[in-house]
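Spelled out from the first residue to the last, the chains are:
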Amino acid sequence: MSFHSHLRKIINQNKTPAFGHSQFIPPLDELSLAVKVPCPSKTHDSWPNGICTKCQPSALSLQSQTFRMVDHVEFESAAVIDAFIGFWRNTGQQRFGYLFGRYESYSEVPLGVKAVVAAIYEPPQIGSFDGIQMLSDPRDEDVDQVAEKLGMTRVGMIYTDLIDDGTGTGAVVCKRHSQSYFLSSAEIMFVAHKQRNRPTPCKYSSTGTYGSRFVTCVISGNTEGNIDISAFQISNTGVALVRDAIVEATVEPGLLRVKESSKNLYVPEIFYKYKNEYGIEVSEAARPTFPVDYLLVTLSHGFPQTPKPTFTAPLFQPENRETLGVTHDFALLKQYLASSAGNLSDFHLLLYLRTVSILEPNDFDVLLRNVAGLDVAEVLATNAAWNTLVGIVSEATSPVAVGGMYGGGSSSSSGITAKGSGDAPWECTHCTFLNIHGTECCQNSQKKMAGGNPFEPYHIAGFVVPRYRLALIYFGLFGAGIAGLILKPSKPVPITFESKSEEAFVKKYIDHHQHEEHKPSILRTTYKGF
């Protein structure tokens, strides 16, 4: 059931007057599991010094949420997903991204709502074989502002959980299924936190907000070994449990642990129902754990039959992909402008142009308005800032480390090549101004040239290796060599005897000991000498 159908049902059951009526009472309330402070009865001290039935939260019976805040997730085109998965295909590392798009009505469900995804923004992160470490994003607000001016908003997040099965057929391991888990307890906590930070405004709620339309998509292997997408939300009850610090993650991915009451935390009784081995529905207390499935809301997903993507230009290299040797600079922009035939309708490109100081905010706003209407060429032809940028970009050298749609590949098949070597101009890291080779200070910002980009790509025998990894390999080999010299085993010192009789005594003692050690301890005898 969609949320609006659920809301209409409640309004009809309660016979709620129209919004704005003098007797209107909001029919929706956000669930709260915290003790009310101060107590509404005002008959005792506030928690933790006192508690009564008026201020303590009621017992909670877990059950699957009967409605969905969002019914369907629609990706405008398969290229959006392909470009995102391309990072894993090239590196084997997992990837995280935010979904940008809009909410529209969904005709397949009565009063339904769908999230339409137009682009995926990849924030700063460190990927690994089995996880992702998120980093702080200084551009977070800028991304939201650019998206808002393009008529989009942040509708959700997406991440990969892919492991190749090693057969060489392109199949992946199926980790998430009905016998294991769909979202782990740690993921439940993370998703609930994200939904809590993006509540949905609702005039029929006493708090002014109700639930969240923020969706979560997981790209993982299905039971057939193919890459598939699963879309979820956490129920409003689940968000309340996480918000009020009632539950915590466990080492068992399919279980959430209910905390114990303490001096500073009151935990209400929590129950859940299930069918036992006899098919009878029984109720059990969540002491101390309960299955995470009670908090999941499953959504459908898909692609339109007739794609009409918001962004029609060729894909600009996604941001924060230094691991692949992709660096957003004027050389990359020059290559893109030469191949895009003047079409600037790409979200990643616009995010990069937002950081170029040559374009003033007013010039960038004009660019965004025209990109949204796809009438770019005529306006930019008369824009002085844009013409200046194009002139500077035309002098940039071609990027060395960019190849293919996803930033993989190489422009040289052998040897070692570093971007910016030779007599190439260098780009200031403070203002992105392109300076002439041989100058030490930027002509625009007056800042000295940086000592080196740790992510600067080097091509070694067809592989793209960042500079910091070369340094780690070098120091690792150097350290191993030093350790080998220090820990090199020395030859044992030979044993010398003062006389033949002393040598004979020692040999007899050793022979006796070796003979006696095979006997039970009760039968062993001591060595008595000659």
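Residues numbered from 1 in each chain as written. Predicted model: local features only at pLDDT ≥ 70, side-chain atom pairs only at ≥ 80, totals over all residues. Heavy atoms only, no water.

Asks: Break down the overall build of the protein chain for me, citing the residues and quoting the values.
Replies: Looking only at helices and strands, the protein chain has twelve helices and 19 strands in total. A total of 530 residues make up the protein chain; the buried ones form 41% of that total. In the protein chain, the share of contacts with a sequence separation of at least 24, taken over all contacts with a separation of at least 6, comes to 64%. For the protein chain, the exposed surface amounts to about 29,300 Å²; the carbon and sulfur share of it is 54%. (Helix = DSSP H or I, 4+ residues; strand = E, 2+ residues; numbered from the N terminus. Buried < 20%, exposed > 50% of the residue type's maximum accessible area, 1.4 Å probe, protein only. Contact = heavy atoms within 4.5 Å. Areas by Shrake-Rupley, 256 points an atom, 1.4 Å probe, with all protein chains shown as cover.)

Asks: Quick rundown of helix α4 (residues 185-197)? Include the residues and the values.
Replies: Look at α4: 19 Å from first C-alpha to last across 13 residues, which is about the 18 Å you get at 1.5 Å a residue. Within α4 the residues assigned to the buried category are Ser185, Glu187, Ile188, Val191, Ala192, Lys194 and Gln195. (Expected span 1.5 Å × (residues − 1).)

Asks: I'd like a description of a nonpolar patch on the surface, backed by residues and values.
Replies: The grouping of Tyr474, Phe475, Phe478, Ile482, Leu485, Ile486 and Leu487 at the surface amounts to a nonpolar patch, some 860 Å² of accessible area in total. Under the relative-accessibility criterion, Ile486 is labelled exposed at 64%. (Patch = residues over 30% accessible without salt bridge, like charges linked within 9 Å, V, L, I, M, F, W, Y side chains within 5 Å. Salt bridge = Lys/Arg side-chain N within 4 Å of Asp/Glu carboxyl O.)

Asks: I'd like to hear about the side chain of Arg95, residue by residue, with values.
Replies: Locating Arg95 in the fold gives a position in the loop between α2 (78-91) and β3 (96-106). Dropping the residues within four chain positions of it, Arg95 is found in contact with Phe84, Phe87, Glu122, Gln125, Ile132, Ile158, Tyr159, Thr160, Glu319, Asn320 and Arg321.

Asks: Just give me the short version of the packing of aromatic side chains, but keep the residues and values in it.
Replies: Applying the stated criterion to the full structure yields 17 aromatic pairs. Where Phe24 meets Tyr204, the ring centres are 5.9 Å apart and the plane angle is 65°; that geometry is what we call edge-to-face. Residue Phe24 is located in the loop between α1 (3-14) and β1 (60-62), and its partner Tyr204 is located in the loop between α4 and β8 (215-221); the two are separated by 180 residues in the primary sequence. Comparing Phe24 with Tyr204, the two get one shared label, buried. Plain terms: the ring middles of Phe100 and Phe347 are 5.5 Å apart, the flat faces sit at 40° to each other, and that makes the pair tilted. Of this pair, Phe100 sits in strand β3 while Phe347 sits in helix α7 (residues 347-355), and the two are 247 residues apart along the sequence. Residue class for Phe100 comes out buried when judged on its relative accessible area of 0%. We classify Phe347 as buried; its relative accessible area is 1%. (Phe/Tyr/Trp six-rings, centres within 6.5 Å; stacked < 30°, edge-to-face > 60°.)

Asks: Break down the packing of helix α6 (residues 330-339) against α7 for me, citing the residues and quoting the values.
Replies: Each packed pair of helices is defined by two parameters, the angle between the axes and the distance between the axes. It is at 12 Å that the axes of α6 and α7 come closest, and there the two elements cross at 135°. Our classification of the angle between α6 and α7 gives oblique. As α6 packs across α7, the resulting crossing turns out to be left-handed. The residues of α7 that touch α6, namely those facing Phe330, Leu333 and Tyr336, are Leu349, Tyr352 and Leu353. In the contact of α6 with α7, the residues fall into six nonpolar, no polar and no charged. (Axes fitted to C-alpha atoms, helices over the stretch in contact; angles between N-to-C directions. Parallel < 35°, antiparallel > 145°, perpendicular 65-115°, else oblique. Left-handed = near helix turned anticlockwise from the far one by under 90°. Nonpolar A, V, L, I, M, F, W, Y, C, P; charged D, E, K, R; others polar.)

Asks: Now, about the sheet that holds strand β7 (residues 153-161): what can you tell me, with residues and values included?
Replies: The mixed closed barrel is built from seven strands, whose spatial order is β2-β4-β3-β7-β8-β9-β15. Strand after strand, the sheet turns through a mean of 35° between neighbouring axes, direction not considered. Against the sheet, α2 makes contact with β2 (72-75), β3, β4 (112-121), β7, β8 and β9 (227-234), and its axis sits at roughly 50° relative to β4, the strand it touches most. (Pairing = 2+ DSSP bridges.)

Asks: Describe the pattern of salt bridges, and please don't skip the residues or the numbers.
Replies: Across all of its chains, the model carries 18 salt bridges by this definition. With a shortest N-O distance of 3.1 Å, Asp140 and Arg154 are connected by a salt bridge. Here the residue Asp140 occupies a position in helix α3 (residues 140-149), and Arg154 occupies one in strand β7, the gap between them amounting to 14 residues. You can call Arg154 buried: its relative accessible area is 4%. Two residues, Arg176 and Asp161, come together in a salt bridge whose shortest N-O distance is 3.0 Å. With a gap of 15 residues between them, Arg176 in the loop between β7 and α4 and Asp161 in strand β7 connect regions that are remote in the sequence. According to the relative accessible area criterion, Arg176 is buried, its value standing at 11%. Judged by relative accessible area, Asp161 falls into the buried class, the value being 8%. Salt bridges sharing common partners tie together Asp140, Asp144, Arg154 and Arg198.

Asks: Tell me about the confidence of the model for the protein chain, residues and numbers included.
Replies: Per-residue confidence for the protein chain averages 83 on the pLDDT scale, and 84% of its residues sit at or above 70. For the stretch residues 399-424, pLDDT sits under 50, and the model shows 63 contacts to residues farther than four places along the chain or on other chains. (pLDDT = per-residue confidence, 0-100.)

Asks: So what's going on with α3? Which residues, and what values?
Replies: Of the residues making up α3, those classed as buried are Val143, Val146 and Ala147. Around the axis of α3, the buried residues are gathered within 100° of arc, so they sit on the same side. The outward face of α3, more than 90 degrees from its buried face, is lined by the exposed residues Glu141 and Glu148. Once α3 finishes, Gly151 follows within two positions and takes phi at roughly 80°, a positive value. (Arc of directions from axis to C-beta.)

Asks: Outline the pairing of strand β15 (residues 296-302), supporting the account with residue identities and numerical values.
Replies: If a strand is regular, its side chains alternate between the two faces of the sheet. Bridge analysis of β2 against β15 gives three bridges, and the strand direction is parallel. Residue pairing for β15: Glu74 is matched across the bridge by Gly302. Bridge count for β9 against β15 is four bridges, and the pairing is antiparallel. Following the sheet pairing, Phe232 is matched in β15 by Thr298.

Asks: Mind laying out the layout of surface pockets, listing which residues take part and the relevant values?
Replies: Reported here for the second largest pocket is a volume of approximately 460 Å³. Together, 19 residues line the second largest pocket, and Gln65, Phe67, Tyr210, Asn236 and Thr237 are the ones closest to its centre. When its residues are assigned to classes, the lining of the second largest pocket shows eight nonpolar, nine polar and two charged. (1 Å grid on protein atoms, 1.4 Å probe; cavity = no way out; pocket = protein on both sides within 12 Å on 5 of 7 lines; lining within 4 Å. Points joined across faces, edges and corners; volume = space filled by probe spheres on them.)

Asks: How would you sum up the nonpolar core? Please name residues and give values.
Replies: Of all hydrophobic cores here, the largest spans 73 residues; its most connected members are Leu241, Phe290, Phe330 and Phe347. Broken down by element, the residue count for this core peaks at six residues, all from α7. (Core = buried A, V, L, I, M, F, W, Y, C linked by side-chain atoms within 4.5 Å.)

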